[in-house]
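Notes for the structure review
Okay, here's what each chain looks like letter by letter:
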Amino acid sequence: NRRPKVVILGAGYGGMMTATRLQKANMHREAEIVLVNKHNYHYQTTWLHEPAAGTMHHDRTRMKISDVIDTNKIQFIKDGVQRIDSEHQKVHLDGGELDYDYLVIGLGSEPETFGIPGVSQHAFSIRSVNSVRLIREHIEYMFANYNRQDEKQEDLLTFVVAGAGFTGIEFVGELSERIPELCHEYDIAREKVKIYSVEAAPSALPGFDEELVEYAMNLLESRGVEFKISTPIKEVQEGKVLLENGDEIKSQTIVWTTGVRGNPVVEKSGFDAMRGRVKVEKDMRAPGHDNIFIFGDCALIINEEINRPYPPTAQIAIQQAYTVSNNLKKLIKGEENLEEFKPDIKGTVASLGGKEAIGVIGDRKLYGNSASAMKKIIDNRYLYLLGGMPLVLKKGKLNLF
Ligand code: FAD
Ligand code: NAD
């Protein structure tokens, strides 16, 4: 009478919430539960724009997995997932193989380049602790290097952020707060530094509330950000971006934030996917796979009201983890009436750096300090769901105003 084996791939929002839900329900008594992640820590993807700009230390965005999960109840394996062989119920890891009875795929996303030449070679991305540490160090190096040159090279102090979606805008917000500090530290006049936010669509934050977009753009412009709207980037070369309108911007720092696609492991493993995301069934299982759940940025679900996919967000990944963990419990207990996932979108709040933010909660618009406090409450709420009050006190954003 062997216990079934549940393998969870990825310790992001989805993976961590699933593991903690199963642990709280004491499911380790009825099943062997294994969590696989390429680092021994969990990081909060939604905070990464801050350490990227250097307005927060990256250690504040991460926590050791064994500090949150009881590894006597849930086995943790630090390894990279290469491929899933669903026919033989095996996962190929960098360092070996794992078999499973039930699989949960929560490997997150990677930057979408739309095949634009030069992006992977010459642009930075905001994806992981490693990728943002590199951006922060690089920005500082640009300032230090500028001072060393006899003939001042302006592209060292020109920063281009490609895409003015939420990630691009949140990063530009932090960067516009960080630049004056760096100017002070390196004795450089603020006017020497250029920050460009380059957006293909006719507006920043396309589709978001127009009044709030205007608030955000005015605020960021007042901090020296220059917007180039309706300006698609067509290529990135060493030291410059080429725009579709024929212009170019010389810059040694190009940060690419034009959206995401599902983790490449998904397509590599043969799942039918759109931009790396699998259109899952209502119970969050992959079509044709009764024992595989996919969620978060690797999954695609349609908003039937507008017949378009929901954007990939942590909010949805966390909610999906509740459905997936409930459904795993049912399957382990031999029940068949699986729960259907119903997203409950509370709203969207985006930080703009400092004590500024914009957001919509229900039908209420928020901006300025109250939006910024709300953003911190949302961040703390996740920590609360994951590890209760102790984790909020240890890792939370306690300085609300
Ligand atoms: P993730 O949380 O990204 O986790 C994936 C995990 O898988 C990581 O731990 C990673 O290390 C691991 N992994 C990846 N590949 C492998 C591999 N091959 N082998 C082993 N492990 C692997 N959403 C919101 O709802 N609100 C926000 O305010 C918000 N802000 C954001 C701000 C920024 C700067 C960014 C970049 C995104 C933001 N998002 C926000 C989107 C949100 O972060 C994602 O939708 C969310 O992280 C998806 O969760 P996930 O569980 O699918 O994956
Ligand atoms: P996104 O798809 O939301 O925005 C990408 C932007 O890049 C779009 O505005 C697009 O028009 C632009 N773009 C695309 N190609 C371009 C090109 N060649 N040149 C110039 N601009 C180009 O992606 P994102 O901002 O990376 O966000 C990813 C996901 O994470 C989204 O679902 C988003 O909602 C979520 N997120 C949420 C928050 C929040 O709620 N606060 C913050 C960050 C990210």
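Residues numbered from 1 in each chain as written. Chains lettered and ligands numbered in written order. Predicted model: local features only at pLDDT ≥ 70, side-chain atom pairs only at ≥ 80, totals over all residues.

**A look at the overall build of the chain**
Regarding its fold elements, the chain presents 10 helices and 27 strands. At 22 Å, the chain has a C-alpha radius of gyration in line with the 21 Å of a compact globule built from 401 residues. Dimensions along the principal axes, computed over C-alpha positions, put the chain at roughly 75 × 40 × 40 Å. Counting over 401 residues, the chain shows a buried share of 43%. (Helix = DSSP H or I, 4+ residues; strand = E, 2+ residues; numbered from the N terminus. Rg over C-alpha atoms; globule rule 2.2 N^0.38 Å. Buried ≥ 20, exposed ≤ 12 C-beta atoms within 10 Å, placed from the backbone.)

**Side note on the domain arrangement of the chain**
What the domain assignment reports for the chain is domain 1 (5–38 + 79–111 + 260–344) and domain 2 (114–258 + 346–401). Distance between the C-alpha centres of domain 1 and domain 2: 30 Å. The set of elements that each furnish at least two residues to the side of domain 1 that touches domain 2 consists of α1 (13–24), β10 (109–111) and α9 (314–332). Examining the composition of the side of domain 1 that touches domain 2, we find that three residues originate from one element, α1, more than from any other. Here the residues of the side of domain 1 that touches domain 2 sort into four nonpolar, two polar and two charged. (Domains from an automatic or database assignment. Nonpolar A, V, L, I, M, F, W, Y, C, P; charged D, E, K, R; others polar.)

**Brief notes about the site of ligand 1**
Around ligand 1, a shell composed of 31 residues is seen, among which G10, G12, G108, G296 and T313 lie nearest. Among the secondary structure elements, those contributing two or more residues to the shell around ligand 1 are α1, β2 (32–37), α6 (166–186) and α9. Grouping the amino acids of the shell around ligand 1 by side-chain chemistry returns 11 nonpolar, 17 polar and three charged. Residue contributions to the shell around ligand 1 reach at least three from each of two domains, namely domain 1 (5–38 + 79–111 + 260–344) and domain 2 (114–258 + 346–401). (Near = placed C-beta within 6 Å.)

**Some thoughts on the sheet that holds strand β27 (residues 364–367)**
Strand order across the open sheet formed by three strands is β25-β26-β27, with antiparallel pairing between neighbours. Both edges of this open sheet fall to β25 (347–351) and β27, since each of them pairs with a single strand only. Taken over all neighbouring pairs, the strand axes of this sheet differ in orientation by 10 degrees on average, direction set aside. (Pairing = 2+ DSSP bridges. Axes fitted to C-alpha atoms, helices over the stretch in contact; angles between N-to-C directions.)

**What to know about helix α10 (residues 368–395)**
Its 28 residues place the ends of α10 only 24 Å apart at the C-alpha level, less than the 40 Å of an ideal helix rising 1.5 Å per residue. Regarding α10, the residues found buried are A371, S372, K375, D379, Y382, L383, L386 and K395. (Expected span 1.5 Å × (residues − 1).)

**Focus: the confidence of the model for the chain**
Considering every residue of the chain, the mean pLDDT works out to 97; 100% of them sit at 70 or more. Interface confidence for the predicted complex, given as ipTM, is 0.99, next to a pTM of 0.98. (pLDDT = per-residue confidence, 0-100.)

**Quick word on the sheet that holds strand β14 (residues 225–228)**
Either a parallel or an antiparallel arrangement is found when strands of a sheet pair, and the pairing is made through backbone hydrogen bonds. Taking strand neighbours across the sheet as the criterion, the five strands line up as β11-β18-β12-β13-β14 in an open arrangement whose pairing is parallel. The two strands at the open ends of the sheet, each matched to only one other strand, are β11 (124–125) and β14. Sheet contacts for α6: β12 (158–162), β13 (194–198), β14 and β18 (253–256); angle to β13, the most-contacted strand, approximately 175 degrees. (Contact = placed C-beta atoms within 7 Å.)

**Side note on the site of ligand 2**
In the vicinity of ligand 2 there are 27 residues, among which G163, G165, F166, G259 and P311 approach most closely. Secondary-structure elements contributing two or more residues to the shell around ligand 2 are α6 and β25. Ranked by residue count, the leading element in the shell around ligand 2 is α6, at four residues. Partitioned by chemical class, the residues of the shell around ligand 2 number 16 nonpolar, nine polar and two charged. When residues of the shell around ligand 2 are sorted by domain, at least three fall in each of domain 1 (5–38 + 79–111 + 260–344) and domain 2 (114–258 + 346–401).

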